[in-house]
Amino acid sequence: MADNDNGVSGFGWFLAGLGIGALVGVLYAPKSGKETRDDLVASALDARDKAQGYYTQGTEAVNQYVDKGREVAGQYVDKGKEYYDKGRTQWTEYVDKGKDLIQSQAEKVTAAVEAGKQAYTTTANDQPQS
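Report on the accompanying structure.

About the cut-offs
Residues numbered from 1 in each chain as written. Predicted model: local features only at pLDDT ≥ 70, side-chain atom pairs only at ≥ 80, totals over all residues. Heavy atoms only, no water. Helix = DSSP H or I, 4+ residues; strand = E, 2+ residues; numbered from the N terminus. Rg over C-alpha atoms; globule rule 2.2 N^0.38 Å. Buried < 20%, exposed > 50% of the residue type's maximum accessible area, 1.4 Å probe, protein only. Areas by Shrake-Rupley, 256 points an atom, 1.4 Å probe, with all protein chains shown as cover. Lys, Arg positive; Asp, Glu negative; His and termini not counted. Charge placed at Lys NZ, Arg CZ, Asp CG, Glu CD. Phe/Tyr/Trp six-rings, centres within 6.5 Å; stacked < 30°, edge-to-face > 60°. Salt bridge = Lys/Arg side-chain N within 4 Å of Asp/Glu carboxyl O.

A few points about the overall build of the chain
- When its secondary structure is counted, the chain shows two helices and zero strands.
- The C-alpha atoms of the chain give 44 Å as radius of gyration, which overshoots the globular expectation for 130 residues (14 Å, by more than 25%).
- When the backbone C-alpha atoms are referred to their principal axes, the chain occupies close to 145 × 30 × 15 Å.
- Counting all 130 residues of the chain, 2% fall into the buried class.
- For the chain, the accessible surface area stands at approximately 11,600 Å², while carbon and sulfur atoms represent 59% of it.
- If you average the places of the 15 positive and of the 19 negative side-chain charges in the chain, the two averages end up 2 Å apart.

Some points on the packing of aromatic side chains
- Scanning the model with the defined rule gives three aromatic pairs in all.
- Each ring, one from phenylalanine 11 and one from phenylalanine 14, has its centre 6.2 Å from the other, and the planes form 25°; the classification is stacked. You can see phenylalanine 11 and its partner phenylalanine 14 sitting in helix 1 (residues 7–27), three residues apart, about one turn around the helix.
- Judged by its relative accessible area of 27%, phenylalanine 14 falls in the partly exposed class.
- Ring plane angle 90° and centroid distance 6.4 Å describe the contact between phenylalanine 14 and tyrosine 54, whose orientation is recorded as edge-to-face.

Topic: the pattern of salt bridges
- Evaluation of the coordinates by the stated rule reveals four salt bridges.
- Measuring nitrogen to oxygen at the nearest pair gives 3.5 Å for the salt bridge that ties aspartate 38 to lysine 34. Of this pair, aspartate 38 and lysine 34 both sit in helix 2 (residues 33–126), four residues apart, roughly one helical turn.
- Since its relative accessible area comes to 41%, aspartate 38 is described here as partly exposed.
- Overall, lysine 34 belongs to the exposed group, its relative accessible area being 53%.
- The shortest N-O distance in the salt bridge between aspartate 49 and arginine 48 comes to 3.6 Å.

These values are about where atoms sit, not about what they do.
Shown next as structure tokens:
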């Protein structure tokens with residue numbers, strides 16, 4: 001059997017016990033009707049104050065958890081942005097290096113083609129014409 005240990009269930013049992021206790025107190029009270037009504041009103045006001053206290057504590061706890069969650073989420077977002085920026089910077093560097101390498105190789109190929117043209121022209125001009 002699962003152990004249900006949350007505050008809502010405990011608070012519900014508290015209210016049920018409070019109501020049963022008040023009913024038993026009314027039935028067996030050796031006091032007059034006015035005194036009994038005054039006691040019931042005092043008990044109800046006390047129960048209301050306790051409920052308000054539990055509500056306030058619960059609200060504060062929830063707000064703390066929400067704030068902590070936002071803080072942690074913000075840290076993860078910042079870390080993600082940091083990794084994104086780092087990756088983007090590295091990618092840009094690699095693209096630039098690739099462009100430089102292609103440009104360098106293109107210049108070498110162009111120089112080789114020009115050298116080949118020049119060699120052909122020189123060789124063709126050196127050959128006797130028939």
